[in-house]
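These are the residues of each chain, in order.
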Protein chains: 2
Amino acid sequence: MHRFSKKVSMTVVKRLPKYYQYLTDLQLNDIEKISSRELASLMGLTASQIRQDLNSFGGYGQQGYGYNVSELRNAIKDILGLDYEYSCIIIGAGNMGHAIANYERFRREGIILKGVFDVDPLRIGTVVGSVVVKHMDELEEFVSQNEIDVCILCVPREVGQQIANQVTSFGIQGILNFSPMDLEVPKGVEVENVNITDSLFTLTYRLKDYKISTEDNPETSDD
Amino acid sequence: MHRFSKKVSMTVVKRLPKYYQYLTDLQLNDIEKISSRELASLMGLTASQIRQDLNSFGGYGQQGYGYNVSELRNAIKDILGLDYEYSCIIIGAGNMGHAIANYERFRREGIILKGVFDVDPLRIGTVVGSVVVKHMDELEEFVSQNEIDVCILCVPREVGQQIANQVTSFGIQGILNFSPMDLEVPKGVEVENVNITDSLFTLTYRLKDYKISTEDNPETSDD
DNA sequence: CTCTATTTTATCAAAATTTATCAAAAAATG
DNA sequence: CATTTTTTGATAAATTTTGATAAAATAGAG
């Protein structure tokens, strides 16, 4: 099996969830096969890129036919690691923590919420997404008794790094980081950032850009 | 006047918010100047890339000195369009809508929340992030009376496209989309997606990847 | 005021990514 | 059953992005 023989670039990996999403939709609509050309038009990519992307994991397509939707979907599901069930905890039971805890999609794909932690006495003991919020003091013992794969960090910037230090020292290897900052983590720990502010700012950039390029005479003078 | 003469790639633009963040932190720590080498080490980039990135907007640095922190920060702030005040509305007053509405950082950078809309009778009339939730039926009139730059979409997948159609037909040009789907929008409308599921899945990919690659070969790579 | 150490800017080379092309395989057609 | 059409996978070409370095400019020391 050559599937994991050569390293696939992160550029390609970042597109995989989108493939997975579209294939899931196609399957839900009882569509059995799809060609790279059709999928490209659907997703707004080039057919060539799709073939190249998919082929970096193995030959899932068939010449003259295309790709079998459910087969390809299953393959990508496995490639994304979704054939495995992940245990996760959420740290920070604020609005963002709530939002994630109640995100149905995560559970459906096998990401199981095992605990929610906070330091605010008003939050501790309340139920968030079917689990009872515990105090951070209980985190270490909890992690030692439950194998936790992923920590979803929804805490303020000021404490993000400190909590990341804690959870990694307890052995957690994956962090989905909603705190608006970069984290320094030990080798072997994977961090994926969701930086809402950064996203908003690229939007404002594009809005401004559009305004300027559509104005005839920009009078931008600063010195 | 070469500043807006050649188009800057999205790859570079996506790094700007991060520069802005780091420069803000430096300024807060009363650091007046910084060289590309220092900033590179701080941010985990190469000095060369930083120089190239910054120079694509203009000569903010000074040879033999480096970059003046507050000057560069202001420049990037303007480049990101943050010299302008944006009016925004949130559609969907669920947990995610709440989370965004209470995000202090947005207001601080000049993104002003003007309204929150939903269809759930239980939510209408409640206060979210200092504004009262209105029914979607009031959206059109509200938008016509208040110039709204950005719509933050926090609604379920099923209604995302339909609501995007509405808001764009009312003249809104920018959408920050938290609904887990791609949106089709008229030309001139800018959409920035924040897809939490996609982020989680790239994390699970990397977790699995790491597991597999360390089973036989305990060599690790860093970026 | 001159000299040296820094550090940007501009340029070029290298690496990575995307797109295009095409032979080979499979399916569809008649 | 031969022929045409479709479509992949592989390779090549084009484009974009990154990294390295020489040239130019500045600060600071003496």
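Residues numbered from 1 in each chain as written. Chains lettered and ligands numbered in written order. Predicted model: local features only at pLDDT ≥ 70, side-chain atom pairs only at ≥ 80, totals over all residues. Heavy atoms only, no water.

1. As for the protein's contact with DNA strand C
For clarity, the cut-off: Proximity is defined per residue: any heavy atom of the residue falling within 4 Å of a molecule or strand makes that residue near it. As used in this structure description, the phrase polar contact means that two N or O atoms lie within 3.5 Å; if the pair is within protein, one of them must be able to donate a hydrogen and the other to accept it, and residues adjacent in sequence are counted only when both atoms belong to side chains. In this text, helices come from DSSP runs of H or I with a minimum length of four residues, and strands from runs of E with a minimum of two, each type numbered from the N-terminal end. Residue polarity is assigned by list, with Asp, Glu, Lys and Arg as charged and Ala, Val, Leu, Ile, Met, Phe, Trp, Tyr, Cys and Pro as nonpolar; anything else, Gly included, falls into the polar class.
Taken together, 26 residues lie around DNA strand C, and A:T11, A:Q52, A:Q63, B:R51 and B:Q63 are the ones closest in. Note that a phosphate oxygen of DNA strand C is positioned 2.9 Å from one of the side-chain N or O atoms of A:R15. One of the side-chain nitrogen or oxygen atoms of B:R37 is found 3.3 Å away from a phosphate oxygen of DNA strand C. When contributions to the surface near DNA strand C are tallied by element, the ones reaching two or more residues are α4 (47-55) of chain A together with α3 (36-43), α4 (47-55), β2 (61-62) and β3 (66-68) of chain B. Top contributing element to the surface near DNA strand C by residue count: α4(A), with four residues. Taken together, the residues of the surface near DNA strand C break down into three nonpolar, 19 polar and four charged.

2. Details of the pairing of strand β9 (residues 174-177) of chain A
On any regular strand, side chains alternate: one points to one face of the sheet, the next to the other face. Residues and elements named next belong to chain A. What counts here: With a 1.4 Å probe rolled over the protein chains alone, any residue whose accessible area is under 20% of its type maximum counts as buried; one over 50% counts as exposed, and the rest are partly exposed. Should DSSP find at least two bridges between two strands, the strands are regarded as paired.
Of the two faces of β9, the one carrying G174 and L176 and the one carrying I175 and N177 are both buried. As paired strands, strand β8 (residues 150-153) and β9 are joined by four bridges and run parallel to one another. Bridge pairing links L153 to N177 in β9. Pairing analysis gives four bridges linking β9 to strand β10 (residues 190-193), with the strands arranged parallel. Directly across from L176, in β10, lies its bridge partner E192.

3. Some remarks on the domain arrangement of chain A
For clarity, the cut-off: An automatic or database domain assignment provides the domain bounds reported here.
Along its sequence, chain A is carved into domain 1 (10-79) and domain 2 (86-198). A C-alpha centroid distance of 32 Å is found between domain 1 of chain A and domain 2 of chain A.

4. Digging into the sheet that holds β2(B)
All names here are of chain B. With antiparallel pairing, the three strands of this open sheet are ordered in space as β1-β3-β2. Each of the sheet's edge strands pairs with one partner strand only, and the pair in question is β1 (33-34) and β2. Of the pairings in the sheet, the one linking β1 to β3 comprises two bridges and is antiparallel in character. From the neighbouring strand, K33 faces β3, where its bridge partner is N68.

5. Structural notes on the relation of the copies chain A and chain B
Rules: Least squares is the method for superposing the copies, and the C-alpha atoms it fits come from residues with pLDDT of at least 70 in both. In what follows, a contact means two residues having at least one pair of non-hydrogen atoms within 4.5 Å.
With an RMSD of 0.1 Å, the operation that places chain A on chain B is a rotation of 180 degrees combined with a shift of 0.0 Å along the axis. The superposition of one copy onto the other is thereby described by a two-fold rotation axis. Of the C-alpha atoms belonging to chain A, the one lying closest to the rotation axis is found on A:N95, 2.8 Å away. An overlap of 97% is found between the interface residues of chain A and their copies at the interface of chain B, pointing to a shared contact surface.

6. Comments concerning unusual backbone geometry
Residues other than glycine predominantly adopt negative phi, and peptide bonds predominantly adopt the trans conformation. Although it is not a glycine, A:D30 adopts a positive phi angle of roughly 60 degrees. If you trace the backbone, A:D30 turns up in the loop between α2 (16-28) and β1 (33-34). Backbone geometry at B:S130 places phi at a positive 80 degrees, although glycine is not the residue there. The exposure class of B:S130 is exposed, given its relative accessible area of 62%.

7. A short note on the state of the cysteines
Quick reminder of the rule: Cysteine sulfur atoms are paired as a disulfide whenever they come within 2.5 Å of each other.
On inspection of all chains with the given rule, the structure shows zero disulfides over all chains. As a non-bridged cysteine, A:C151 has A:C154 as the owner of its nearest cysteine sulfur, 8.4 Å distant.

8. Re the protein's contact with DNA strand D
Around DNA strand D, the surrounding shell holds 26 residues, and the nearest of these are A:S36, A:N55, A:Q63, B:T11 and B:Q63. Sugar plus phosphate: this is where 62% of the atoms of DNA strand D within 4 Å of the protein reside. The set of elements that each furnish at least two residues to the surface near DNA strand D consists of α3 (36-43), α4, β2 (61-62) and β3 (66-68) of chain A together with α4 of chain B. Looking at the surface near DNA strand D, the element that brings in the most residues is α4(B), giving four residues.

9. Overview of the interface of chain A and chain B
Rules: Throughout, buried area stands for the accessible area (probe radius 1.4 Å) lost by two parts on being put together, summed over both. We define a salt bridge as a contact between a side-chain nitrogen of Lys or Arg and a carboxyl oxygen of Asp or Glu at a distance within 4 Å.
Listed per partner, the contact involves 67 residues of chain A and 68 residues of chain B. At the boundary of chain A with chain B, total buried surface from both sides reaches about 6100 Å², with 64% on carbon and sulfur atoms. Among the salt bridges present, the one from B:E190 reaches A:R206, with a minimum N-O distance of 2.8 Å. Contributions of two or more residues to the side of chain A that touches chain B are made by α1 (10-13), α2, α5 (69-79), α6 (95-101), α7 (104-108), β9, β10 and α10 (196-214) of chain A. Of the residues forming the side of chain A that touches chain B, the biggest block, 17 residues, is contributed by α10(A). Along the lines of polarity and charge, the residues of the side of chain A that touches chain B split into 35 nonpolar, 13 polar and 19 charged.

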